[in-house]
Protein chains: 4
Amino acid sequence: MLCIAPQDKAGGDLRVGIIGAGRIGRVHLETLASVAGVKPLIISDIVEPVLQDVVATYGLPAYSLNPDDVINHPDVQAVWICSPSQFHADQIKACARAGKHIFCEKPIATDLAGTLEAIQVAKDCGVKLMTAFQRRFDPSFARLQKAVADGEVGRPISAVLQSRDPAPPPFAYVKGGGGLFKDMAIHDLDIARWLMGSCGKNEPVKIYATGACNVDKAILELKDSNPSEAIDTANILIEFESGSTATIQVCRRATYGYDQRVELFGTEGLVKHENVFPNTVEKWNGDAVRRADPMHNFFMTRYADAYKNETKAFCALLKAGGEVSPSGDDGARALEMAMACDLSLRLGRPVLMSEVQLPAGQKRVAA
Amino acid sequence: MLCIAPQDKAGGDLRVGIIGAGRIGRVHLETLASVAGVKPLIISDIVEPVLQDVVATYGLPAYSLNPDDVINHPDVQAVWICSPSQFHADQIKACARAGKHIFCEKPIATDLAGTLEAIQVAKDCGVKLMTAFQRRFDPSFARLQKAVADGEVGRPISAVLQSRDPAPPPFAYVKGGGGLFKDMAIHDLDIARWLMGSCGKNEPVKIYATGACNVDKAILELKDSNPSEAIDTANILIEFESGSTATIQVCRRATYGYDQRVELFGTEGLVKHENVFPNTVEKWNGDAVRRADPMHNFFMTRYADAYKNETKAFCALLKAGGEVSPSGDDGARALEMAMACDLSLRLGRPVLMSEVQLPAGQKRVAA
Amino acid sequence: MLCIAPQDKAGGDLRVGIIGAGRIGRVHLETLASVAGVKPLIISDIVEPVLQDVVATYGLPAYSLNPDDVINHPDVQAVWICSPSQFHADQIKACARAGKHIFCEKPIATDLAGTLEAIQVAKDCGVKLMTAFQRRFDPSFARLQKAVADGEVGRPISAVLQSRDPAPPPFAYVKGGGGLFKDMAIHDLDIARWLMGSCGKNEPVKIYATGACNVDKAILELKDSNPSEAIDTANILIEFESGSTATIQVCRRATYGYDQRVELFGTEGLVKHENVFPNTVEKWNGDAVRRADPMHNFFMTRYADAYKNETKAFCALLKAGGEVSPSGDDGARALEMAMACDLSLRLGRPVLMSEVQLPAGQKRVAA
Amino acid sequence: MLCIAPQDKAGGDLRVGIIGAGRIGRVHLETLASVAGVKPLIISDIVEPVLQDVVATYGLPAYSLNPDDVINHPDVQAVWICSPSQFHADQIKACARAGKHIFCEKPIATDLAGTLEAIQVAKDCGVKLMTAFQRRFDPSFARLQKAVADGEVGRPISAVLQSRDPAPPPFAYVKGGGGLFKDMAIHDLDIARWLMGSCGKNEPVKIYATGACNVDKAILELKDSNPSEAIDTANILIEFESGSTATIQVCRRATYGYDQRVELFGTEGLVKHENVFPNTVEKWNGDAVRRADPMHNFFMTRYADAYKNETKAFCALLKAGGEVSPSGDDGARALEMAMACDLSLRLGRPVLMSEVQLPAGQKRVAA
């Protein structure tokens, strides 16, 4: 395998490219365009008018209908991969071989074999690979994790994560999407592992997942092809090496909005964070004492700051050096946890992480 | 078996007796003394000065050092059993045979055989038997259950119950006490079953319990005699007939006080209740934006209203008729759930409720 | 003037009488009946069936249709005056002359002359007189005041009191009732003065009151007879000796319930207390994130604990000795503040407390 | 007076310039640089390295050490004035005469005469002038105002605004700064007027201001030169045409951070907004149930969104047309209210707005 060495320079602007000018690509571009010392040079997409608009708005010097022009741009040092999931693995590998650092929207690949391979190529080529689990960069999630890492509540004992979408996705998204654990709970699995590992190494060892179809009966027909696609509600209990536990509750529909809460109990106290609302206004009248408005409706508004922060963090890392977090390995680990959930649901019993089948010839990511 | 028929009268005062003048006995007596149409006639205990003080304070006509004098008092119609746990079963049976209705502090008996037998005697004698799970009468628990029963949040999907004591009990209490599930989590098991059954019959079918020793290392030596006594922290996942789940988290110590919270997610929304503080004062200063005072310290203050309400409710029931709730059977069911937790902890896997061993010759309480 | 010396005894039960078996009289009786070491001996009212019911419920030895039988009962040491306002002053004086300590529902009298005279008689006869401003005994008001007195927020700078009733009283109550300041805001005036004086003597010196008719147009016709009766909304700004200020906002109707909040800002921080709800349940659904229930509806439920606490506090004081708080003088001071509000509203400008006209021959209550 | 006509174009980019590259100038520039359809062309400041840094970061085509180069830039259509206060009036007039629309940080001028003159010039030249009271664009203030305007709480009756800085400014800022009302409370005066006028014209008619020196004794020496400079705490009561009232409490130091709250009571309910924290994390331990972090420390973080929103709003207005809000006249009105506060403090009594002295030859801004 041929790898071009990454063009890391002390000082000077960080020159970047973006693949994908969709919703999330534009979010990252806006951030990249506003960070001092960072220069977006080129963006690719398959829709030319979108590219023209984006280039005009943010003053980019170039665009292309071909992602290879981003990957192979001689001045680009790092690439933000915001393309559809099925292209991620190949683009990661191409970037790595071209000596470009990589910020990749989740997932790294659509299966574990592809994930592990892409990660390995990035390692072999010596480029940094960040898996974009943006929640780690949300002010509340990040502050909570810091409290745990700093020992503000002692040693972690148990966590509860509530994670619910405002409405189920279209049937077409669910069907063949890999199921509730892989397409939705994977964020929560990463957060649970991140929190519980905040005070030292502490990997998941056993997972018990239950699931049901409560809010979207259309998906029941997927039961035979993939049971994890036929559920819209799940309860996941994760046991860690230290004996601590994390409970994750996911559902594809909460009538009240996008429910994203964590609480963690430790030997010296408890930390929790609440849902976020668009403002702090309360309204009191004959009907109720209530919030004036519902909580944020979905991830684009709820995690607006997190998206900015993660891109800024990766830029800062590329300039200052250090360990990537969440790394490619973190992405692989979350995927393995989701696979353990799939297996547990199928078997109706807790499964050990070691029961998760690795691709032939692969060995487990070092815990 | 000889039973004297209960002396139920339409109209007139309800005449009651109390066994036990300890902390909880006095709480119930104070309530009984203040309810219009209820007359406490006699109380027993083994400490005469305590009895003298109580009788003087509440103007009771009589006291005795012998509980049989309460049970057999010719004018007493109902007895509040507030004696130590090991006497409950015999006193229930004696009351039942004497035709007295029974309000019994939990537990009904210290084992399932004794529990089922006492319940059966009460049924055979036609007396009402209430198991004093006081949380059902707390304003917040009760309102939450009403919301569920009234369909305010649709069909229940999942619940989380946080239940933590402020500090572990003495070693002597833990040793031989039956373990964390029976002596502490039993309240939560009852609440979980009560909530999930609020929209129609919906019994627990499968329970998975994990446990650890996190805050009280002294108890580790009890591991061999009873693993459930050697843990101070547990996570219980209950699956119900409907597919709904309840997660219970218990711990014998929370540094911040007595943690008693429930949230329930349903197809149309979520209800939750928060911890209770002695006042609503907030203090803002250079250190923190905070509550002026910690949450209630333990059950005697946290559930002060609940204790009153449950005694009032049983009085009202005895005067107006109707089904007892929580009944003796509810007490037995909660005990069976605790036994399922014990078994699950021992086996390291979820167990079916049907795996819980019933006493010889007994059949399961009708679900 | 003939005074019988109060029969204070060290030890033994405190024997009390109650005048008035209405709503508030029964509340105090229930408390008196449940406090160890206190014996209610007699109650009077004008409705015999009510008396019979009360006596049966609480086991009182006697009742009478004549309040003099309470006042002159040879064994009664203290009297709770819960009769209509117009009888208060005469009953206070009669009690004082009979050597009975007095707990008096507000007001002491319907005018300042009567108030000052009744207070003087109580002083002359050496009996204790408590003005029942129950809010001082509410857990949240009391905790807030303690924070101020203990210097938890430094020196008081300014306070805001929100005080709103759920609905206006009947026209008959308003007409001739003395107006918004005397019949409603007087509680808030007392609280403001109490809080601001918590760190040392600090009396009100200047008051500016504005008022409007916003929610009950019927009362506008009272404008000429008494402008303070023709308003249902007021804003009161009180300046104290120390330079600190208190703002009181009262209104006869808040659609959302009984609004009773205080916040106090000091040199080292802020304390505030919130409204009280019947439970802590929140409901989240497609309509709103909201409290499951409205706040307490009115004073009988909102201040249920406060009523108990004030009666217990007076009992404890009578047994242990000490200064009465709130005293008769406190009641007079609050009335003078209400009169300053009346005057300010009439003149459209701030008035000095010294502008409030005292009855002929009276001198100002020592500040 | 010669005015160049504003170069408003349908469609095309809005081309803007910025005077001042200090803290607030950069904030506005960052926003201007990120809004689609807006092009910052030039910025001026007196510090060249700052300009070089800014131009590099945001890709501006030009900078100058002379603000006239911004004002007279042939392609610039609108200017953001972010220079020190003493230059505002002259720059407004110069911009107006050059046909440039104006976004001006408060104040418009340091006195009323200058303010009215600058406004008049802008009107005469037909350019739009926005006074940057950013709080109107904060999500919580804006939502609260919308609730009022939409009648969600009926007709406004009274408002309370709490406005406290975390720490007093340097003595040099206070001395000669115009005093607490003009340099600090002016924002609150604008908000009070804006809210109370949300349901139709409703101007302030009478203002009563009290003040004290509580937290910064150094300023007491300014008492003779300007009493409003010798106070750090004030209470302002504003009476409006409709009879509604607004109470403003300001203080130069709150130990707990930047306190910025409003509550408004109306005939059909109440709306309020709370302080904003950097995250939603709570920490519970043996010390307290508390926020993990203090509230936002000061205006640059508390109003980060508001600064963006106001600049975006003015851009949108310039492209789409419509009335400016807050306008120059709004700025003048707030200044007149602050002058009324000064006068009231001096006189120790409420003053009518009509008592505020206008500059010779000027007539009052139409209410």
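An unreviewed UniProt entry annotates chain A as Oxidoreductase of Tribonema minus. Listed in UniProt under the heading Sequence similarities (unreviewed entry), the comment for chain A reads: "Belongs to the Gfo/Idh/MocA family."

(A) Quick look at the interface of chain D and chain C. The partner chain C presents 37 residues to the 37 residues of chain D that form the contact. Roughly 2,700 Å² of surface becomes buried between chain D and chain C when both sides are summed, with 50% attributable to carbon and sulfur atoms. Interface area lost by chain D to chain C is led by D:Tyr208, D:Asn214 and D:Phe265, which between them contribute 18%. On the surface where chain D and chain C come into contact, there are 4 salt bridges. Linking chain D with chain C are 20 residue pairs in polar contact (both at pLDDT 80 or more). The dominant element in the side of chain D that touches chain C, judged by the number of residues it contributes, is strand 7 (residues 156–164) of chain D, at 6 residues. Here the residues of the side of chain D that touches chain C sort into 13 nonpolar, 14 polar and 10 charged.

(B) Quick look at the relation of the copies chain B and chain A. Superposition record for chain B on chain A: RMSD 0.0 Å, screw rotation 180°, translation along axis 0.0 Å. Considering both components of the superposition, the chain copies are consistent with a two-fold axis. Proximity to the rotation axis, assessed at the C-alpha, singles out B:Arg349 in chain B; its C-alpha lies 3.5 Å from the axis.

(C) Here's a closer look at a positive patch on the surface. Judged by side-chain charge, A:Lys308, A:Lys312, D:Lys308 and D:Lys312 come together as a positively charged surface patch. Those elements that place two or more of their residues in the positive patch are helix 10 (304–320) of chain A together with helix 10 (304–320) of chain D. Structurally, the position occupied by A:Lys312 is in helix 10. Residue A:Lys312 is classed as partly exposed on the basis of its relative accessible area, which comes to 38%.

(D) How the structure looks around the packing of aromatic side chains. Overall, the coordinates contain 38 aromatic pairs over all chains when judged by the stated rule. Ring centres of C:Phe265 and D:Tyr256 lie 6.3 Å apart, and the angle between their planes is 90°; on these two criteria the pair is classed as edge-to-face. Taken together, the residues span two chains, with C:Phe265 in strand 11 (residues 259–266) and D:Tyr256 in the loop between strand 10 (245–251) and strand 11 (259–266). For the pair C:Phe265 and D:Tyr256, one class covers both residues: buried. Three or more aromatic residues joined by ring pairs form one cluster here, namely A:Phe141, A:Tyr258, A:Phe298, A:Phe299 and A:Tyr303. Between the NZ or CZ atom of B:Arg291 and the centre of the ring of B:Phe277, over which it lies, the distance is 3.8 Å.

(E) The UniProt feature "domain: GFO/IDH/MocA-like oxidoreductase" (unreviewed entry) in chain A, seen in detail. Residues annotated by UniProt as "domain: GFO/IDH/MocA-like oxidoreductase" (unreviewed entry) correspond here to residues 141–270 of chain A. When the span residues 141–270 of chain A is considered, its composition is 23% helix and 33% strand, and the gap between its end C-alpha atoms is 14 Å.

(F) Layout of the sheet that holds strand 4 (residues 78–81) of chain D. Residues and elements named next belong to chain D. Across the sheet, which stays open at both edges, the 6 strands sit in the order 3-2-1-4-5-6 with parallel pairing between neighbours. The sheet is open, and its two borders are formed by strand 3 (62–64) and strand 6 (129–132), each paired with just one other strand. Strand-to-strand twist of the sheet, defined as the mean angle between neighbouring strand axes without regard to direction, takes the value 20°. Where strand 1 (residues 14–19) lies against strand 4, 4 bridges are found, and the strand directions are parallel. By the bridge assignment for strand 4, Ile-18 is matched with Trp-80. Along the sheet, helix 1 (residues 23–34) contacts strand 1, strand 2 (38–44), strand 4 and strand 5 (101–105); its crossing angle with strand 2, the most-contacted strand, is approximately 155°.

(G) Highlighting the interface of chain B and chain A. Facing the 36 residues of chain B at the interface are 36 residues of chain A. At the boundary of chain B with chain A, total buried surface from both sides reaches about 2,700 Å², with 50% on carbon and sulfur atoms. Among the residues chain B hides against chain A, the three largest losses belong to B:Tyr208, B:Asn214 and B:Phe265. Together they make up 18% of the total. Counting every contact that joins chain B to chain A gives 4 salt bridges. Note that A:Arg261 and B:Glu263 form a salt bridge whose closest N and O atoms lie 2.8 Å from each other. The interface formed by chain B and chain A contains 20 residue pairs in polar contact (both at pLDDT 80 or more). The element that contributes the greatest number of residues to the side of chain B that touches chain A is strand 7 (residues 156–164) of chain B, accounting for 6 residues.

Cut-offs applied
- Residues numbered from 1 in each chain as written.
- Chains lettered and ligands numbered in written order.
- Predicted model: local features only at pLDDT ≥ 70, side-chain atom pairs only at ≥ 80, totals over all residues.
- Heavy atoms only, no water.
- UniProt positions renumbered as here; feature names shortened; annotations may be inferred.
- Contact = heavy atoms within 4.5 Å.
- Buried area = accessible area lost by both parts, 1.4 Å probe.
- Salt bridge = Lys/Arg side-chain N within 4 Å of Asp/Glu carboxyl O.
- Polar contact = N/O pair within 3.5 Å; in protein donor to acceptor, adjacent residues only side chain to side chain.
- Helix = DSSP H or I, 4+ residues; strand = E, 2+ residues; numbered from the N terminus.
- Nonpolar A, V, L, I, M, F, W, Y, C, P; charged D, E, K, R; others polar.
- Least-squares fit on C-alpha atoms with pLDDT ≥ 70 in both.
- Patch = residues over 30% accessible without salt bridge, like charges linked within 9 Å, V, L, I, M, F, W, Y side chains within 5 Å.
- Areas by Shrake-Rupley, 256 points an atom, 1.4 Å probe, with all protein chains shown as cover.
- Lys, Arg positive; Asp, Glu negative; His and termini not counted.
- Charge placed at Lys NZ, Arg CZ, Asp CG, Glu CD.
- Buried < 20%, exposed > 50% of the residue type's maximum accessible area, 1.4 Å probe, protein only.
- Phe/Tyr/Trp six-rings, centres within 6.5 Å; stacked < 30°, edge-to-face > 60°.
- Lys NZ or Arg CZ within 6 Å of the ring centre and 35° of its normal.
- Pairing = 2+ DSSP bridges.
- Axes fitted to C-alpha atoms, helices over the stretch in contact; angles between N-to-C directions.

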